[in-house]
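Below are the chains, spelled out letter by letter.
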Amino acid sequence: MLSRGGDSGNKNILGSFPQQFENTLAGRDIISCRDFNREDVELVFGVAEEIESGVAGVEDALRGKKVALIFAEPSTRTFQSFYVAAKSLGADVISIHDPSISSMAKGETLYDTVKMIEGYGVDCIVLRHPARGSAKFVAESTSIPVINAGSGSQEHPTQALLDTFTIKKKLGRVDNFSMGMLGDLRFSRTIPSLCYLLSKHDGVRIFFMAPELLQVRREVELHLSQRGVVFRKVVKSEEIREIMPELDVLYVTRIQKERFPDLTEYEKVKGSYIVDMKLLSYGKKELGVMHPLPRVDELSPEVDSLPNAWYFEQARNGLPIRKALLYLILGGVA
Amino acid sequence: MSGESLLVRKIDWGTVLDHIPAWRANQVLKLLNLESLNRSSDISVIVLYNVPSKKLGRKDIVKLYHHMVSEEEAKILALVFPQMTINYIRDWKVEKHSPGLPEKIIGKIRCPETTCITNYEREPATPRYIVEREHGVVVCEYCDTLLEISRIPDFLKG
C-alpha cells in the first residue's frame, strides 16, 4: 500500500525519508520552478531514485486515477514520458496530442477544452501550449492539479527538474559548480526554468553564451540578480573558448525557429554556435554536455560517443522524474 | 489669476488632474476609459494641452466635471505620471489627493508579449501586473514579461 507522507504502518516511499520530507507536493500545481523550494526538489529526486532503483513497488500507485495530457504543440520526449509514467503507475490516460484532430482545430478555446476535460473526472492535467502564461491560466480555471509541460517560450519546469537530477547524478552535486548555457537563450523555455531552479542552490555560476539577439530574457536576469546568483553574458563567439575551461557543465539549446516572429532574424543567427570535438577540446576533460533535445545542427553527433555526452541519459531521466511528480502530486493510493 | 482659470469655469464637484506632461493628456484619458461610463451621466471633460507651467515649463490639464476618479485609477495615474497632481473637488473646495502606489494593475494594460495568453482574444484571461517600483517595471502575472512603467501608456487597453 502506498500513501502520502504522514501516513504510517504501510509500505510507503516517503516512509523511508526523514521526517522533514512530508509530501509537500500533494495536490499542487507545477507551473514555475520559482514555486519550488529546495526541500520540494530533494523530495522529487528522492522519490525518483527510489522508483528508479525498483525498491518501491509503485505499479498500482495511481490505480483509479485519470491523467489528461493536453498537448497543443509538438512533443516527443515530454508527451511520451508523461504517458509511460502515468500508465506504469496504473493511471488511466486521456490525451489530446494532435490539436488538428480535436475541437481545438474548430476554434475551441483552451478554457473550454480544459473545462470539458475536467468534467470527465480527471485528477490531473498535464499541459503543453504555445501561449506564455497558459499553464497558470489553466491552473486558475480548474480545481485539479496542473503540470506545466511547456508554456510557449516561458517555462518547462519538469525539464529543469530532470536536468538538475542529471547534474546531481553525473556531477555528484548541484551546488558550487559553473554552467555554460549556449544557443537560443531567448526563446528556449528550458533555460528560464533551469535558471530558476539553479537559483535555489548555492554557489552556481552561469555563463549565458549567445549573440545579443538570442540572449537570456530580462525577467530571468532580474530573478537571478534578486537571488544573488553570479552570472555573465558572453556575446562574442570568440570569447567562448576562453570561458570553456571554467565550466563543469555545458547546456546547449536548439535555435527555436518556430518562435521567431521574423524569419530573417532566424537566418542571421542559425548555426551561430556549434558544439563539436574542437570546442570541447578547450574545456575540462570531465565537462558534461547537456541538451534538452531535439537537436538540429548545434550539437555534432561526433560528441555522442564521448563520456562527456550526458544528453541521452538526461532524456532517460525524464521518466523517473515524471513518475515521481505524478506519484507525489496525486498522492498515491491504496 | 492664471491663464487656464480664464479659459475654464470652476468645478462644483469632480476631479482636476494637473501637471500632466505636455501632450500626454490623451494617455490619461485612455487610462480613465471615460467612454465606458454611462452615456446619460452629466460628466463633462475639459482638456488643456501645452499650457504654461512654472513647474514643468509646459503641461496638460484634465478637468472632469461631475466625475471622481476612482482610487484604483488614481494609484495607476500616480505610478505612470509621478509629477501629476490629483485634486478632488467637493462643493467648490479643492482637496489635494495623494494616492499610494498600486500593488497590482488589473485589466488596464495589454501585455507587450504577443504570445501571452492574455492576448488570445477568445480566452477569458484578464491581464494582471505586479508593480515592482524599485526596478521601474510592472510584471505580467501570467507570462512574466517586464514592462517599463514609462511605457505603460503605450499598452493601455481600450
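Residues numbered from 1 in each chain as written. Chains lettered and ligands numbered in written order. Predicted model: local features only at pLDDT ≥ 70, side-chain atom pairs only at ≥ 80, totals over all residues. Heavy atoms only, no water.

A. Molecular detail of the overall build of chain A. In terms of regular secondary structure, chain A is built from twelve helices and nine strands. Taken along its principal axes, the extent of the C-alpha atoms in chain A is 55 × 50 × 40 Å. In chain A, once contacts between residues fewer than 6 apart in sequence are set aside, the share between residues at least 24 apart is 71%. Of note, chain A has its 42 positive side-chain charges centred 1 Å away from the centre of its 44 negative side-chain charges. (Helix = DSSP H or I, 4+ residues; strand = E, 2+ residues; numbered from the N terminus. Contact = heavy atoms within 4.5 Å. Lys, Arg positive; Asp, Glu negative; His and termini not counted. Charge placed at Lys NZ, Arg CZ, Asp CG, Glu CD.)

B. Inspection of the sheet that holds strand β5 (residues 93-97) of chain B at higher detail. Residue and element names in this part refer to chain B. Taken in spatial order, the five strands make up an open sheet running β2-β3-β1-β4-β5, and their pairing is antiparallel. If you trace the sheet from one side to the other, it starts and ends with β2 (44-53) and β5, each paired once. In this sheet, neighbouring strand axes are inclined to one another by 20 degrees on average, regardless of whether the strands run parallel or antiparallel. Packing against the sheet, helix α2 (residues 25-32) makes contact with β1 (14-21), β2 and β3 (57-65), and its axis sits at approximately 150 degrees to β2. Where helix α3 (residues 71-80) meets the sheet, its contacts fall on β1, β4 (85-90) and β5, and the angle it forms with β4 comes to roughly 150 degrees. (Pairing = 2+ DSSP bridges. Axes fitted to C-alpha atoms, helices over the stretch in contact; angles between N-to-C directions.)

C. Region of interest: the nonpolar core. Residue and element names in this part refer to chain A. Residues Met179, Met181, Ile206, Phe208, Ile321 and Leu326 are the most contacted members of the largest nonpolar core, which totals 68 residues. Considering every element that reaches this core, the biggest residue donor is helix α12 (residues 318-330), with eight residues. When neighbours within four sequence positions are excluded, Met181 is seen to be in contact with Ile191, Leu194, Cys195, Leu198, Ile206, Phe207, Phe208, Met209 and Tyr251. (Core = buried A, V, L, I, M, F, W, Y, C linked by side-chain atoms within 4.5 Å. Buried < 20%, exposed > 50% of the residue type's maximum accessible area, 1.4 Å probe, protein only.)

D. A look at the domain arrangement of chain A. Residues and elements named next belong to chain A. Domains assigned within chain A are domain 1 (13-153 + 318-329) and domain 2 (157-316). Once you take the C-alpha centre of each, domain 1 and domain 2 turn out to be 25 Å apart. Contacts between the two partners involve 30 residues from domain 1 and, on the opposite side, 32 residues from domain 2. Approximately 2600 Å² of surface area, both sides summed, lies buried where domain 1 meets domain 2, with 58% of it carried by carbon and sulfur atoms. (Domains from an automatic or database assignment. Buried area = accessible area lost by both parts, 1.4 Å probe.)

E. Main features of the interface of chain A and chain B. Contact with chain A, which involves 21 residues of that partner, is made by 20 residues of chain B. Both sides of the chain A and chain B interface together cover about 1800 Å² of buried area, and 51% of this is carbon and sulfur. In terms of surface lost to chain B, no three residues of chain A exceed Arg132, Phe137 and Arg218 of chain A, which account for 30% of the buried area on that side. The interface formed by chain A and chain B holds four salt bridges in total. At the junction of chain A and chain B, the tally comes to 15 residue pairs in polar contact (both at pLDDT 80 or more). Those elements that place two or more of their residues in the side of chain A that touches chain B are α3 (110-119), α4 (134-141) and α7 (218-227) of chain A. Residues belonging to the side of chain A that touches chain B are distributed by class as follows: six nonpolar, seven polar and eight charged. (Salt bridge = Lys/Arg side-chain N within 4 Å of Asp/Glu carboxyl O. Polar contact = N/O pair within 3.5 Å; in protein donor to acceptor, adjacent residues only side chain to side chain. Nonpolar A, V, L, I, M, F, W, Y, C, P; charged D, E, K, R; others polar.)

F. Looking closely at the side chain of Lys200 of chain A. All names here are of chain A. With respect to the helices and strands, Lys200 occurs in the loop between α6 (190-198) and β6 (204-209). For the buried Lys200, which has no salt bridge, the nearest side chain bearing the opposite charge is Asp35, at an N-O separation of 7.2 Å. One polar contact links the side chain of Lys200 to the main-chain carbonyl oxygen of Phe36, over a distance of 3.0 Å. Excluding residues within four positions of it along the chain, Lys200 makes contact with Cys33, Arg34, Phe36, Arg38 and Arg227.

G. Up close: the packing of aromatic side chains. The tally for this structure, following the rule as stated, stands at eight aromatic pairs over all chains. Members of the aromatic cluster, connected to one another through ring pairs, are Phe71, Phe79 and Tyr83 of chain A. (Phe/Tyr/Trp six-rings, centres within 6.5 Å; stacked < 30°, edge-to-face > 60°.)

H. Looking closely at the domain arrangement of chain B. All names here are of chain B. Domain assignment breaks chain B into domain 1 (3-97) and domain 2 (104-155). Of note, the centres of domain 1 and domain 2, computed from C-alpha atoms alone, are 25 Å apart. Listed as interface residues are nine residues of domain 1 and, on the opposing side, eleven residues of domain 2. Among the residues domain 1 hides against domain 2, the three largest losses belong to Ile76, Leu79 and Val80. Together they make up 56% of the total. Here domain 1 is connected to domain 2 by one salt bridge. Where Lys108 meets Glu73, a salt bridge forms, and the shortest distance between an N and an O atom there is 3.8 Å. Remark: the boundary between domain 1 and domain 2 carries one residue pair in polar contact (both at pLDDT 80 or more). At the level of secondary structure, the elements contributing two or more residues to the side of domain 1 that touches domain 2 comprise α2 and α3. When its residues are assigned to classes, the side of domain 1 that touches domain 2 shows five nonpolar, one polar and three charged.

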